[in-house]
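Chain and residue survey
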Amino acid sequence: MLDVKQRSIQVIEVEDGFVFEIHEITVEGDAVVEVWVYQKDCSTKIHAFSIMKESIENPVKLYKHIEDHMQEYIDIYKEEVIEE
């Protein structure tokens, strides 16, 4: 059987061509949700944050966190990738 290390759960497109990718990975036997951000015109992705899957009661809370902090993650991306 194939050993899947990571699977993409969802891709969320937001303003100005920015995209948030949500992945589920296994780290030392624990399910972890990682969120990455990038701009569609740029191939560089940066890690926004990770959270233990078991601590997410439902996906809506994860999406709400992304929505509430979206501009912060986009600003960090702009500083680290676009302005370099």
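All of the points below concern the structure found in this document. This is a predicted model, so every value here is computed, not measured.

**Considerations on the pairing of strand S3 (residues 30-39)**
Judged by how many residues are buried, S3 sits mostly within the fold: seven of 10 residues are covered. Sheet topology note: the strand S2 (residues 18-27)/S3 ladder contains 10 bridges and is antiparallel. Across the sheet, the residue bridging to Phe20 is Val37, located in S3. Taken together, S2 and the strand that follows it, S3, pair antiparallel across an intervening segment of two residues, in which Glu28 is found at a positive phi of about 50°. Bridge count between S3 and strand S4 (residues 46-52): six bridges; the pairing is antiparallel. Among the inter-strand pairings, Val35 is bridged to a residue of S4, identified as Phe49.

**Focus: helix H1 (residues 59-82)**
With 24 residues, H1 extends only 30 Å from end C-alpha to end C-alpha; this falls clearly short of the ideal 34 Å at 1.5 Å per step. At His69, H1 shows its maximal bend, which comes to roughly 60°. Of all the positions in H1, only Leu62, Ile66, Met70, Tyr73, Ile74, Tyr77 and Val81 are classed as buried. A distance of 3.0 Å separates the backbone nitrogen of Val60 from a side-chain oxygen at the start of H1, and that oxygen is part of Asn58.

**Things to note about the layout of surface pockets**
Size it by volume and the largest pocket reaches roughly 170 Å³. Contributing to the lining of the largest pocket are Ile9, Ile22, Glu24, Val33, Lys53, Ile56, Glu57, Asn58, Pro59, Leu62 and Tyr63. Contributions of two or more residues to the lining of the largest pocket are made by S2 and H1. For the lining of the largest pocket, the element with the highest residue contribution is H1, accounting for three residues.

Reading guide: rules and limits
- Residues numbered from 1 in each chain as written.
- Predicted model: local features only at pLDDT ≥ 70, side-chain atom pairs only at ≥ 80, totals over all residues.
- Heavy atoms only, no water.
- Buried < 20%, exposed > 50% of the residue type's maximum accessible area, 1.4 Å probe, protein only.
- Helix = DSSP H or I, 4+ residues; strand = E, 2+ residues; numbered from the N terminus.
- Pairing = 2+ DSSP bridges.
- Expected span 1.5 Å × (residues − 1).
- Bend = angle between axes of the 7 residues up to and from the residue.
- Polar contact = N/O pair within 3.5 Å; in protein donor to acceptor, adjacent residues only side chain to side chain.
- 1 Å grid on protein atoms, 1.4 Å probe; cavity = no way out; pocket = protein on both sides within 12 Å on 5 of 7 lines; lining within 4 Å.
- Points joined across faces, edges and corners; volume = space filled by probe spheres on them.

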